[in-house]
Amino acid sequence: MVYSFISETGRIRANNEDFIALPEKGLVSGLDSFNTEKLGWLFVLCDGMGGANAGEVASSMAAGILLKEYYSIEKKPDDPGFFISEKILEINSRILRRALKVPEFYGMGTTLVSLLLDGKTAYINSVGDSRVYLMRRGVLEQITEDQSLVWEYYKSGKMTKEDIRKHPRNNIITCAIGTDPEMMLSSVESYKINAREGDAFLLCSDGLRDMLS
């Protein structure tokens, strides 16, 4: 297993609201032990939104809680993808409660994509418009579908993927963690694919995918 990560603020905003959590000591507070042999390798990427520092709070909460609670279990779930989906619903409720307690956090939310590599199986979960790609034998394939206004246009044939990058409303997402108290399990997109030797997975926020075709 070879992995790396990078997150840059960029040239437009003063604050970086993305957050990355992976099974590496020191990256998520309160958890220094990762039983990857028994539970697999879990990677999480979140892109926060909200006023002031609220987006940063939502993204770090979502990614950190998911990683910590997954690696705190004693036994691997029968269906890890379903387990993660249920955890995302719990995280949604916890972020909503935090926002109610702290006025400056009101309205905060975050996207989330996670990748769990367990042997030859890859479990992917997604809320919002951050993405997971698979590079296999030189071909890059988008695995997740955006939960966004422009993606609905794309699916209906009204625009191409290139149009999505240039559309002035490509930041309007239709689902996010921390914004809907009635969020249901069906709101979490889940994917299960067979992983092969040599596969490379890319998790990214719109900060990357809007810059590159």
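Just so you know, these numbers come straight off a predicted model, no measurement behind them.

What counts, and where the lines are drawn
- Residues numbered from 1 in each chain as written.
- Predicted model: local features only at pLDDT ≥ 70, side-chain atom pairs only at ≥ 80, totals over all residues.
- Heavy atoms only, no water.
- Pairing = 2+ DSSP bridges.
- Helix = DSSP H or I, 4+ residues; strand = E, 2+ residues; numbered from the N terminus.
- Contact = heavy atoms within 4.5 Å.

K.L.:
How should I be thinking about the pairing of strand 6 (residues 131-136) in this particular structure?
P.N.:
Every other side chain in a regular strand lies on the same face of the sheet, so the side chains alternate between the two faces. Note: strand 6 against strand 9 (residues 200-204), five bridges, orientation antiparallel. The residue bridging Met 135 from the neighbouring strand is Ala 200, located in strand 9.

K.L.:
What's the story with the side chain of Ser 205 in this structure? I'm lost.
P.N.:
If you trace the backbone, Ser 205 turns up in the loop between strand 9 and helix 6 (206-209). Dropping the residues within four chain positions of it, Ser 205 is found in contact with Asp 18, Leu 45, Asp 47 and Ser 130.

K.L.:
Can you help me understand the environment of Leu 140 in this one?
P.N.:
Mapped onto the fold, Leu 140 is located in strand 7 (residues 139-142). Spatially, the C-alpha atom of Leu 140 lies 23 Å from that of Glu 8, the residues being 132 residues apart in sequence. Once residues within four sequence positions are removed from consideration, Leu 140 is found in contact with Tyr 133, Leu 134 and Met 135.

K.L.:
I keep staring at the side chain of Ser 126 and nothing clicks. Help me out?
P.N.:
When you line up the elements, Ser 126 lands in strand 5 (residues 121-127). With residues near it in sequence (within four places) discarded, Ser 126 still touches Leu 112, Val 113, Thr 144, Gln 147, Ser 187, Val 188, Glu 189 and Tyr 191.

Geometric values such as these leave the question of function open.
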